[in-house]
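So the chains spell out like this:
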Amino acid sequence: GESVGLHLPTLSVQEGDNSIINCAYSNSASDYFIWYKQESGKGPQFIIDIRSNMDKRQGQRVTVLLNKTVKHLSLQIAATQPGDSAVYFCAENIQGAQKLVFGQGTRLTINP
Amino acid sequence: NAGVMQNPRHLVRRRGQEARLRCSPMKGHSHVYWYRQLPEEGLKFMVYLQKENIIDESGMPKERFSAEFPKEGPSILRIQQVVRGDSAAYFCASSPGGIRSYEQYFGPGTRLTVT
């Protein structure tokens, strides 16, 4: 289940289950949305992106859904593995600004 | 490995000293971005540079912080007279720029600790 801790929201899932990580964004002028994975002590690693004129994009084991009506983005990870344990951030690229605005992040933990 | 390189990976400075953080972008990338991350928080944009130009420094504190990206050599983020509140992880990203400016690839970061 999902819970909000002192800092980062945490999502705990059983190994092999699907994970859904959610993100709300704020700027209607954002033209690209990106999901990053950050493991402890490392820099953010690009997972998948989606253009604002799309509502779904699939990668290897990951799917990103975009709902512009409610300004909501989600990342679905199929068959979650221990190596998926990390903090996941959504980021929006504001058109013309050429900088990324990051969301708060969600810590994904995998139960064996 | 032609990824974004940052050094040092860890930097300890006493209050009042200067910190210099270096970033070499990916091969072929001429756009560099610096972000700061506090523990348990997302990354916050600081500055966007191209070779010899600062394009957007809207996220930089007005005092003590400066950045450059010279024609030759790495991009440098410089923090003068560091204070404890400067302790954070500083990440550099690079992109091809233009319509692909959103494709930002991050380095491993420099973790600055101010004692």
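Residues numbered from 1 in each chain as written. Chains lettered and ligands numbered in written order. Predicted model: local features only at pLDDT ≥ 70, side-chain atom pairs only at ≥ 80, totals over all residues. Heavy atoms only, no water.

When helices and strands are counted, chain B shows zero helices and 11 strands. Secondary structure of chain B in N-to-C order comes out as β-β-β-β-β-β-β-β-β-β-β. Relative to the globule expectation of 13 Å for 115 residues, the C-alpha radius of gyration of chain B, 13 Å, shows essentially globular dimensions. By its C-alpha atoms, chain B is 40 × 25 × 25 Å across when sized along the principal axes. Evaluated residue by residue, chain B yields a buried proportion of 43% over its 115 residues. Within chain B, counting contacts between residues at least 6 apart in sequence, those at least 24 apart form 52% of the total. Summing over all exposed atoms, chain B offers an accessible surface of approximately 5,900 Å²; the carbon and sulfur share of this is 47%. (Helix = DSSP H or I, 4+ residues; strand = E, 2+ residues; numbered from the N terminus. Rg over C-alpha atoms; globule rule 2.2 N^0.38 Å. Buried < 20%, exposed > 50% of the residue type's maximum accessible area, 1.4 Å probe, protein only. Contact = heavy atoms within 4.5 Å. Areas by Shrake-Rupley, 256 points an atom, 1.4 Å probe, with all protein chains shown as cover.)

Here we come to the layout of surface pockets. Empty space within the largest pocket amounts to approximately 390 Å³. Where the lining of the largest pocket is concerned, the elements lending two or more residues are strand E9 (86–94) and strand E11 (106–111) of chain A together with strand E9 (88–95) of chain B. Considering only residue class, the lining of the largest pocket consists of nine nonpolar, six polar and six charged. One number sums up the size of the second largest pocket: a volume of about 170 Å³. (1 Å grid on protein atoms, 1.4 Å probe; cavity = no way out; pocket = protein on both sides within 12 Å on 5 of 7 lines; lining within 4 Å. Points joined across faces, edges and corners; volume = space filled by probe spheres on them. Nonpolar A, V, L, I, M, F, W, Y, C, P; charged D, E, K, R; others polar.)

A few words on the pattern of salt bridges. All names here are of chain A. All chains considered together, the criterion is met by eight salt bridges over all chains. Two residues, Lys-42 and Glu-39, come together in a salt bridge whose shortest N-O distance is 3.9 Å. We classify Lys-42 as partly exposed; its relative accessible area is 46%. Glu-39 sits in the partly exposed class, given a relative accessible area of 27%. In this structure, the salt-bridge partner of Asp-49 is Arg-57, at a minimum N-O distance of 2.3 Å. A relative accessible area of 7% places Asp-49 in the buried class. (Salt bridge = Lys/Arg side-chain N within 4 Å of Asp/Glu carboxyl O.)

Let us now look at the state of the cysteines. Using the criterion set out here, one finds two disulfides over all chains in the structure. The disulfide partner of Cys23(A) is Cys90(A), and the S-S distance across this bridge is 1.6 Å. In this pair, Cys23(A) is assigned in strand E3 (residues 19–24) and Cys90(A) in strand E9, connecting sequence segments 67 residues apart. Accessibility assignment for this pair places Cys23(A) and Cys90(A) in one class, buried. With its sulfur 1.8 Å from that of its partner, Cys23(B) forms a disulfide with Cys92(B). Around the S-S axis, the bridge from Cys23(B) to Cys92(B) shows a dihedral of about -55° and counts as left-handed. In this pair, Cys23(B) sits in strand E3 (residues 19–24) while Cys92(B) sits in strand E9, placing the two residues 69 residues apart along the sequence. (Disulfide = S-S within 2.5 Å.)

Here we take up the confidence of the model for chain A. All names here are of chain A. Residue-level pLDDT values for chain A average 89, and 94% of them are 70 or greater. The spread of mean pLDDT over the elements of chain A runs between strand E1 (residues 2–4), the lowest at 35, and strand E6 (residues 56–58), the highest at 97. Across residues 1–6, confidence stays below pLDDT 50; counting only partners more than four residues off in sequence or on other chains, it has nine contacts. (pLDDT = per-residue confidence, 0-100.)

Let us now look at the pairing of strand E6 (residues 53–56) of chain B. Residues and elements named next belong to chain B. The pairing of strand E5 (residues 43–50) with E6 spans three bridges and is classified as antiparallel. What sits directly across from Leu-49, in E6, is Ile-54. Linking E5 to E6, which pair antiparallel, is a turn of two residues; within it Glu-52 sits at a positive phi near 65°. (Pairing = 2+ DSSP bridges.)

This paragraph deals with the sheet that holds strand E8 (residues 75–79) of chain B. All names here are of chain B. The strand order across the open sheet formed by four strands is E1-E3-E8-E7, and the pairing between neighbours is antiparallel. Each edge of the sheet is formed by a strand with only one pairing partner; in this case those strands are strand E1 (5–7) and strand E7 (65–68). Mean inter-strand twist for the sheet, computed between neighbouring axes without regard to direction, equals 15°. (Axes fitted to C-alpha atoms, helices over the stretch in contact; angles between N-to-C directions.)

Before going further, it helps to spend a moment on the packing of aromatic side chains. Scanning the entire structure with this criterion turns up 12 aromatic pairs over all chains. Relative to Tyr48(B), the ring of Tyr33(B) has its centre 4.6 Å away and its plane inclined at 5°; by these criteria the two rings are stacked. Here Tyr48(B) lies in strand E5 and Tyr33(B) lies in strand E4 (residues 31–37), a separation of 15 residues in the sequence. As far as the burial class goes, Tyr33(B) and Tyr48(B) line up, both buried. One aromatic cluster is present, formed by Tyr36(A), Phe46(A), Phe89(A), Phe102(A), Tyr35(B), Phe45(B), Tyr105(B) and Phe106(B) through successive ring pairs. (Phe/Tyr/Trp six-rings, centres within 6.5 Å; stacked < 30°, edge-to-face > 60°.)

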